[in-house]
Amino acid sequence: MILTAEEERMRRGEMGPAVRDAIELQIKVGEFWGAERFVPITNAHMMGDIEVMGEAGKGFLERVKEMGGQCRTMTSTNARCVDFSYAERLRQDPAEVGKEHQVIRFLRDLNVTTVDTCINYQTVYQPHQGEHVAWGDTGTVIYANSVFGARTNFEGGPVALAAAMTGRTPAYGFHLDEHRRGSFLVELDLDLDDYADWGAIGKLVGEPNQNYFSVPVFTGVKRTPTADELKHLGAALASYGSMAMFHMVGVTPEARTVEDAFHDRKPTHTMRITRADLDALYAGFKDDASDSNLFVFSAPQQSIYELKRLAELFAGRRVKPGTTVIVTTSHGVKAQAQPLGYIRTLQEAGVLILEGVCFYILQNLPQMRIENGWSKLVTNSAKLANIIKAHKFDPVLRRTQECVDAATLPGVQQ
Amino acid sequence: MSETIRVNRAFGEVVEGVAVVSEEGFSPRYDLDRWSGEISRPGHKLEGINIKDKILFFPTAKGGIAAGWAFYDIKHKGIAPKAFVFGVTNPVMVQGAVFANITITDGWSREPSEIIRTGDIVRVNPQEKTIELVRRGEGVA
């Protein structure tokens, strides 16, 4: 890689050992991908929780702190594995909960803004078109690239932190124009109503085309999708397809037309998605949702409008005895929802609302599953339906209204 | 025809070990029990296989940001593989492997299953960008 004078100084350790180690790591990664240079970034978003990083990762953070490491870029944190208000109720391991506290302390000492959200793009920072950032959590990346037209690769925790400390990231992948062109065409020939439908499209397109560098181009969308709908589509494409970008003609900024989305590339193939494909997908989750004792609205965290909708659906109803309904959101959204009455409505219905976490990364989830006798998990999130299988849950994807109907007793109008 | 595969990109030290050839992609978040090192997702083509000290061949990378920390974590727990060999990988797998100092490669000149079977002993040479069959194994990992 060609380094600037400042980058050379970093590499020589003139800006401290933490920055030296950070840029060394970034250079090795950049060289793997054939990056020729670094690009300056304005924002970093990193995953850092004890469930994923373990004792080794926590030790690493502590060493970076001891070396005097400091983020020079605005840096936010992704959802974590403990909501401290509910750790005891969920019977999370007190020792691990203590470690999560430590992780947060280390991150704050490193000048990280610990907002603990995977919907930073809805609630914390919205980069503009062409802005280079270093974001982790695949859902944030695909949203940044596709909907904002900003530029980022999937950046795992340690390299996102490195980028935050050096203020730059190697220019490969989605920082470069050549990787942002469409690779295949998806004709949508159906109406999409629910978040689950949008996520389902992500599964239908992502699963058979699994490739980080594959960029689907959607046409035929019948109306302007909302931010939450694009979020479910993106999260599912990233989850099932490991994809980091999509175009939607007439909707996303780098796809004013089909030609605009593909530039000089020819689509490798064309997919057409109809109602029958969607129906078959739902039918593929064979189990009946009604006999499940676990319903989860998470992955990504719920926005204020998703919470509003859930509050409307749960109003006046009661969660069935012996059934658990979990909603996860960010600290900020929960605080906003409180005075609006959404939290009270949901809690009165018996819904458990967790903040600053995402369901699938909850500390102690495998044991929680066994202790609570959970097996089948019903959700409106296609991403969750994919990812949760690692924890031996049996997922069922259903539309939001169907989830609520199956989880509750019929409402008693007051 | 020589028993060598050329790879497009590579990082890490030369390693030799038992091959595990998967028809299915991989994610440490989706597929792996990060305490035992076992592929845990029900229905994964490698379900029940332990990745410790193996040389793992995967056609694709799935998901996820988790590999960034997870590879470092499994390395410190002593359950890391010796190398990841991907047909198509994603940046996080590479970032995670580099951070944990685990050998990783991307892209292959021919399907590994044409010459390598699970259980064979193979050598990955990142400097030469080659993977060689060292000797035939028992067919089990």
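### Things to note about the overall build of chain A
Within chain A, the regular secondary structure consists of 17 helices and 16 strands. Computed over its C-alpha atoms, the radius of gyration of chain A comes to 22 Å, within 12% of the 22 Å expected for a compact globule of 414 residues. If you line up chain A on its principal axes, its C-alpha atoms span 70 × 55 × 35 Å. When each of the 414 residues of chain A is scored for burial, the buried share is 57%.

### Points about the overall build of chain B
Along chain B, the regular secondary structure elements total two helices and nine strands. Reading chain B from its N terminus to its C terminus gives the helix and strand order β-β-β-β-β-α-β-α-β-β-β. Overall, the C-alpha framework of chain B stretches about 40 × 30 × 25 Å when taken along its three principal axes. Counting the 141 residues in chain B, one finds 54% classified as buried.

### So, the interface of chain A and chain B
Across the contact, 30 residues belong to chain A and 32 residues belong to chain B. At six residues, the largest contribution of residues to the side of chain A that touches chain B is made by helix 3 (residues 50-66) of chain A. Its residues assigned to classes, the side of chain A that touches chain B shows 14 nonpolar, 12 polar and four charged.

### Examining the sheet that holds strand 4 (residues 134-135) of chain A
All names here are of chain A. Spatially, 3-2-4 is the arrangement adopted by the three strands of the open sheet, whose pairing is parallel. Edge strands, defined here as strands with exactly one partner in the open sheet, are strand 3 (74-77) and strand 4. Bridge count for strand 2 (residues 43-46) against strand 4 is two bridges, and the pairing is parallel. Across the sheet, residue A44 finds its bridge partner in strand 4, namely A134. Strand contacts of helix 7 (residues 157-166): strand 2, strand 3 and strand 4, with the helix running at about 155° to strand 2, the strand carrying the most contacts.

### Remarks on the confidence of the model for chain B
Looking at chain B as a whole, its pLDDT mean stands at 91, while 96% of the residues score no less than 70. Overall fold confidence (pTM) sits at 0.95, and the ipTM for the predicted complex is 0.94.

### Remarks on the environment of T89 of chain B
Position of T89 of chain B among the secondary structure elements: in the loop between strand 6 (83-88) and helix 2 (91-100). Spatially, the C-alpha atoms of T89 of chain B and G107 of chain B are 7.8 Å apart, while their sequence positions differ by 18 residues.

### Brief notes about unusual backbone geometry
Negative phi characterises most residues that are not glycine, and trans characterises most peptide bonds. Residue and element names in this part refer to chain A. Cis geometry marks the peptide bond from A299 to P300; its omega dihedral reads -5°. Note on placement: P300 falls in strand 10 (residues 294-302). Phi angles above zero are rare outside glycine, and R91 is one such case at about 55°. Summarising the element assignment, R91 is placed in the loop between strand 3 and helix 4 (94-109). The exposure class of R91 is exposed, given the 12 C-beta atoms found within 10 Å. A positive phi angle, close to 80°, is found at D137, a residue other than glycine. Here D137 lies in the loop between strand 4 and helix 6 (138-148).

### Some words on the nonpolar core
Judged by nonpolar contacts, the single largest core of 175 residues is most densely connected at L346 of chain A together with F71 and A97 of chain B. Here A97 of chain B is in contact with F11, G12, F71, F84, I102 and I104 of chain B, once residues within four sequence places are set aside.

### A look at the domain arrangement of chain A
Interfaces are often sized by the amount of accessible area the parts lose when they come together. Residues and elements named next belong to chain A. Segmenting chain A into domains produces domain 1 (5-177), domain 2 (181-282) and domain 3 (287-409). Of the residues lining the interface, 14 residues belong to domain 1; the matching set on domain 2 comes to 16 residues. If you tally residues by element for the side of domain 1 that touches domain 2, the top one is helix 6, at eight residues. Split into classes, the residues belonging to the side of domain 1 that touches domain 2 amount to six nonpolar, eight polar and no charged.

### Re the pairing of strand 7 (residues 216-219) of chain A
All names here are of chain A. Both strand 6 (residues 184-189) and strand 7 contribute to a ladder of four bridges, which runs parallel. Paired with L185 across the two strands is V217, which belongs to strand 7. In this fold, the crossover linking strand 6 to strand 7 by way of helix 8 (residues 195-206) has right-handed handedness. In terms of strand pairing, strand 7 meets strand 8 (residues 247-248) through two bridges, oriented parallel. Looking at the pairing, V217 lines up with H247 of strand 8.

Calculation notes
- Residues numbered from 1 in each chain as written.
- Chains lettered and ligands numbered in written order.
- Predicted model: local features only at pLDDT ≥ 70, side-chain atom pairs only at ≥ 80, totals over all residues.
- Helix = DSSP H or I, 4+ residues; strand = E, 2+ residues; numbered from the N terminus.
- Rg over C-alpha atoms; globule rule 2.2 N^0.38 Å.
- Buried ≥ 20, exposed ≤ 12 C-beta atoms within 10 Å, placed from the backbone.
- Contact = placed C-beta atoms within 7 Å.
- Nonpolar A, V, L, I, M, F, W, Y, C, P; charged D, E, K, R; others polar.
- Pairing = 2+ DSSP bridges.
- Axes fitted to C-alpha atoms, helices over the stretch in contact; angles between N-to-C directions.
- pLDDT = per-residue confidence, 0-100.
- Core = buried A, V, L, I, M, F, W, Y, C linked by C-beta atoms within 7 Å.
- Domains from an automatic or database assignment.
- Right-handed = clockwise from strand over helix to strand, strands pointing away.

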